[in-house]
Every structure is written in structure tokens, then in C-alpha cells.
Amino acid sequence: MERERHFANRRMLSDSLERVLLTLSGITTAFLFAWLLYYSSYGLNVEDEGFYLNFIANPFPYSINSPPSLFGYIYHWPYLWVGGDIAMLRIVNVTLTMALGWILSFLAVGRLCTVGWLQAAVLSAGIASMASIVFRVRATLTPSYYAMAFQSLLIIMIGLLVADRPGRVRQVLGWTLVGVGGWCCFMAKPTTAAAIALIVTLYVLVLRRKSLLPMLGAALVALALLIMTAHLIDGGINGLVNRLVSSAKVEILLDSRHEVLGSFRIDWLAPSRSQVAMAVLLAVALLLSILVGPRGKMLPSLALAAVLIVTIAIALLGYDPVSIQPSTLFLVPAFTCLGAMVYRKGLVLRTQSATSIALTLTFSVLPHVFALGSNLNYWDIGTLGALFWMLAAVSFLSPLAKPGRSLAALLPLTVLTQLLTASVNNNSILNPPWEDVKNLRDYTAVMPMTGGGKLVIAESLHHYLAAARAKARGAGLEVGAPVVDLTGGSPTLLYVLDARPLGLPWLTGWFPGGSAVAVETLGLENCADLAKAWVLIEPEGKYHLDHASVMASFGAGQADYVAAATFDPKVADLNYPIGRQFLLKPVRPAAPAEQSCGEARRQRPESPKWSP
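Heads up: these notes are all about the structure in this document. The residue numbers shown here count from 1 along each chain, following its written sequence. Confidence filtering applies because this is a predicted model: local features only for residues at pLDDT of at least 70, side-chain atom pairs given and counted only at 80 or more, and all residues used for totals across whole chains, interfaces and linings. Calculated side-chain values reflect all of the structure's heavy atoms, with hydrogen atoms and water omitted.

1. With respect to the overall build of the protein chain
Test applied: Going along the chain from the N terminus, every DSSP run of H or I of four or more residues is numbered as a helix, and every run of E of two or more is numbered as a strand. C-alpha atoms define the radius of gyration in this analysis, and the globule rule sets the expected value at 2.2 Å times the number of residues to the power 0.38. By definition in these notes, contact holds between two residues if any of their heavy atoms fall within 4.5 Å. Accessible surface area values rest on a Shrake-Rupley calculation with a 1.4 Å probe, where residue burial reflects the displayed protein chains alone. We score Asp and Glu as negative and Lys and Arg as positive, and we do not count His or the chain ends. By convention, the charge on Lys lies at NZ, on Arg at CZ, on Asp at CG and on Glu at CD.
Looking only at helices and strands, the protein chain has 25 helices and 7 strands in total. Relative to the 2.2 N^0.38 estimate, which gives 25 Å for 612 residues, the radius of gyration of the protein chain is 27 Å and therefore close to what a compact globule would have. Seen through its principal axes, the protein chain has C-alpha atoms that stretch 105 × 55 × 45 Å. Sequence separation of 24 or more characterises 76% of the internal contacts of the protein chain that already satisfy a separation of 6 or more. Entry remark: accessible area of the protein chain is about 25,100 Å², with carbon and sulfur atoms responsible for 65%. Distance between charge centroids for the protein chain: 15 Å, based on 45 positive and 35 negative side chains.

Laid out in C-alpha cells, this is it:
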């Protein structure tokens, strides 16, 4: 009798500990989510974010896209719905990403482990917090083709898991989601779309050979949406194909490594010794927590509670004692899976089901599928999809989550995921490398934005942008006026000035072929627009384009303009490679300028790289 009472008391204690840890994990997830929402109104990147915003705000004038992505057409409607409010647009982007990550994690946990729905909801929400790592790129929460590609992969995987559940309605819904996700993926990154199509085909062939017909249905859904999009954007499939071919040629001319051949390469992961040591330490701690479990063990429970408290402290205070590097997001789940292989002479390997194997492999390769086509290191970009690596670990470790031990196996993994997420986000999103003030918490200047709403930015950036806007308006630059931006690195300035960039949303000077691409894309603009366009130059800028050759391509020279305003970022102590900028106002009458543009185009030989 006494022994039974002792076991009952231990059982009540362990249940209480589990409830406390689950509650604390749920609170931590809420903090991490609220953290992103709160800082959605903070910060502004003067380079990449301007490209995203210019394209989203008005994607329709451009017949060529560089890089070859159509994400601006998809995000344009949410941009209109929020009235051009950047902070609200970021909130929508964050909420959508986190919701999709939560749904996928919930389905994966429910498919592989035996836990109640409430426990699964809390645990999967904690794991899904890692979806926010995708915003680490350029340290911006604004929608981009990276965010859209990641969201698309989440939708596709949600569709596959829903289609695996019994019931015709679920199968139809699941494969419809796969088709919608495939279409979104194509709009974001065609290279990733091609790769995920192959992955889905292999997944179906391995697990469900009878699903070839539903998979064809998903392909038809994607094709139907693509045809509708082609008619809305380019008047038909031929127009869309021409757009993509021309965009691919631009990438070759730009020499940016976004071209198709540049996509097929092998990049290497090169972590430092300290990162490897940190990853090994975390993996060992995670395995010990899983194998020991919190049930009836006060020490593991206290350790998990301490980790959650540290995670909340990182979110609230910015103090980060662990300082996790992005490469650790791959190393931790990888070392954890390797360590699990030796448990009880390979029990984890011997008890894997076909579903868990297929999901492990699929989740493992998705970050590189996501990175395919990028001009950056694939491992670095792949860390943006680190949620998939963590879900691969969930799938691989599922044999340890036996009935009665699922919570003990999943809770440590969830807690560690939250810690990794908080640390990486604190080091990237809240401490952006492109700002002179390195902590968003220190921003105080409120900047009213063009489309509506306000952003809180660094005082130095506010000084630069506010002065530029005032000087441009004083010089006569009207809202929506066409501008040729030859600075090569300041697309955000044009968005703040509410001007319409000609040629591309960003005529970048980051790559060797920047000036050549500017010539070609401006050659597609109407001469009437170029004749009245203002020109923004930065003669001593690090990324400036060749002013003379680009302006000559549409029959103009610097003598045809007068310097109407001067912007000097150095006065504001900006931590950017930006020099003194000059806003040039056209002084020639429109008719002669338009005629000169036409003559320059007739005299210029067509580039062999550009000809169809």
C-alpha cells in the first residue's frame, strides 16, 4: 500500500512538472512571436529592402526581373490591403510564416509521435518558432523572394502530410495545397520549384505509388494557376516564357551567379572549432535529456526550465550568453541524429518506419532545395530553412517517442529549438550588420513612410532620409516621378522619395555587369518616360554605375541635367558604403530629349548576349 502511494505521488509530481514545462514553453513561444511583431516597425535596410519594396509596391511596369522572381506580383495585393504600411506588411508576413510553420510542425508531430492534441499544439508551436530564422537574410521582416520560397515549401509539405491522412476530402485538400505551393514556389524561385517537383515525385514513388494520379492533379492545379498568372501579367504563356528567358539572359549579363549553370554547384560548410564544440555539447545535452526524460527527474526538469527562462531573457533583454551561430542550426540536429544511432546498438535505425525515413530524408534536403539558385553560399542560405532540419530530427528520433514517452522525447527538442531561435534572431534581426546603431532597441527616430504608417529607425538614417525627402520635394520631384538610379546601392532612397525606378526596381552595382544590365533594361523603357526622368548619381560610391555609358544609351549626358539636390550620408555618420549623391533634374525640353533617345537606340548595336 505504501509503495503504491509512493508511485502515485511520483506520478502526480511528474505530471505537474510536465504541465509546468509545457506552460513555460508555450509562454516562451508567445514571447518569441510577440518579439517579432513588436520589432516589425523597427529598422530599414537601405539596399535590399528597397528592392523588395519597390517591386512589391508597383511590379507591373517591368518586363524583366532580376533576379528571375515574380514575388512582387503576389505580395502586391497584401501591400495594397495594408495601405502600404510597411510595419503592417511585415506583421502579415511574419504571421503567415509562423502559422504555416506551426501547421507543418503540428502535422509532423501528430504523424510521428503519440501525444494529445493540446500537447502537440504547444510542442509544435515551440518547434515552429524556428521558422522565423528565414528573416535572418538581410535582417529584414519585409516580404522577399526568400520568404515566399520558404512559405511555398511549407505549404507543399503541409499538403503532403494532409494527403497522407485517410479520407478522400483530406487527399483532395492535401494535393490541392501541393499544387498551390508549387505555383507559389515558381513565382518566388523557379530553380527551387523545379527541385521541389523532383523531391515530391520521389517522395510519392517511395511511399505511395498509387498516388501518381493525385500528384498529376496537383500539377494541373499549379499549371492552371500559372496560366492565369501569365495572362494577368504578360497576356499569356508566351509572354511569361519570354519574360523568364530575358530575365535569365540578364543574369548572365550581370554575372551574379543567379544563372542556371551557376545554380548547380557544391558549397562547403566551414564552421569554426568553437561552433562544432558548441554543437556537440548541445547535441549531447539534448540526447541525455531525451533518454533520461523529465518524468520523475527533478534535475532534467529544472535544466529545461532554466533554458526556457534564458530564452525569454534573450528575447526581452537582448543578453545572449550562448551566442549561437547559424551553422549550429545544422550541426545540432545532425550530431543529435548521429548520436542516437549508437543508442542500444542502433535501435533508432532498426525501428524506423518507411514514413519516418522518407520524411527525414525529405526534410533534410529541403534547406538546400530552398537555397538552389542563390548566388550566396548554399549552407548559409540553407540555414534560413533550418526548421526543416529540426523536423528531420523529429522524424528520425520518432522511434524514441514511444507511447508514454513522446512528451519526454519531444519537450527537450522543443526547448532547445526555442533557445537556438532566440539566440540567432537576437544576433541578426535585432542586431543588423548594415546599421550604424547595432541594436534595434536603441532606435528612437520615427520616420513617416511613403505608403503610410511609420518606422522607428536610427537617428543617423532618419537624418539622411528625411533631409533627402525634403530636398527632393523642394527641388520639384513629384510623387511617382520616373527616376534613373545610377547609385547602384540605394533603392530604398527611391522608395522613400516615392519615385518610380526605371529599368528595374534596383539597378544594382554589386556585380560586374551592373552597368550593362542598366543599359539593356533602360532600353526597354518608353523614351517619353526617359526624356522626363530625373537621374540619381553617386560618383564616388562603391557600387556606382557608369553614368556616361548608361545615360548615353538613351541619348542623354550630364550636361542635359542640373544638380537640383545633394544628399551627403557622411554627415549622418551612416555605416554604409554610400558617398555623396546628386539628384539631377532634366533641363532639356521633352520633345528633343525623346528624339535623342530614339536616335541613340537606333545607333546602338544589339548585344549578342541579349538577342533572343
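2. Quick word on the pairing of strand 7 (residues 581-586)
In plain terms, the rule: Pairing between strands is defined by DSSP: at least two bridges between the two strands are required.
Two strands pair when backbone bridges link them, and strand 5 (residues 534-537) and strand 7 are joined in this way by 3 bridges, in the antiparallel orientation. Looking at the pairing, Leu536 lines up with Leu583 of strand 7. In this sheet, strand 7 lies alongside strand 6 (residues 561-567) in antiparallel orientation, the contact comprising 6 bridges. Its bridge partner lying in strand 7, Val562 is registered against Lys585.

3. Details of the state of the cysteines
Among covalent bonds in proteins, the disulfide is the one between the sulfur atoms of two cysteines. Heads up, the condition is: Put simply, a disulfide is two cysteine sulfurs that come within 2.5 Å. Note on classification: 1.4 Å probe, protein chains only; a residue is buried when its accessible area is under 20% of the maximum for its type, exposed when over 50%, partly exposed between these limits.
Applying the stated criterion to the full structure yields 1 disulfide. Paired by a disulfide, Cys527 and Cys597 hold their sulfur atoms 2.2 Å apart. Since a negative S-S torsion denotes a left-handed disulfide, the Cys527-Cys597 link at about -70° is left-handed. Of the two residues, Cys527 sits in helix 23 (residues 527-532) while Cys597 sits in helix 25 (residues 590-603), which places them 70 residues apart along the sequence. Owing to a relative accessible area of 11%, Cys527 belongs among the buried residues under this scheme. Cys184 takes part in no disulfide bond, and the closest cysteine sulfur, belonging to Cys185, lies 8.6 Å away.

4. Brief notes about a nonpolar patch on the surface
Note the following rule: In this scheme, patches are assembled from residues that exceed 30% relative accessible area and form no salt bridge. Like charges are connected within 9 Å, while nonpolar side chains (Val, Leu, Ile, Met, Phe, Trp, Tyr) are connected within 5 Å. Salt bridges, as used here, are contacts in which a Lys or Arg side-chain nitrogen is within 4 Å of a carboxyl oxygen on Asp or Glu.
The grouping of Leu213, Leu216, Leu220, Leu223, Ile227, Ile237, Val241 and Val245 at the surface amounts to a nonpolar patch, some 680 Å² of accessible area in total. Where the nonpolar patch is concerned, the elements lending two or more residues are helix 9 (212-234) and helix 10 (237-254). With 5 residues, helix 9 is the single largest residue contributor to the nonpolar patch. Checked against the element boundaries, Leu213 lands in helix 9.

Everything listed here is a matter of geometry and, on its own, says nothing about what the molecule does.
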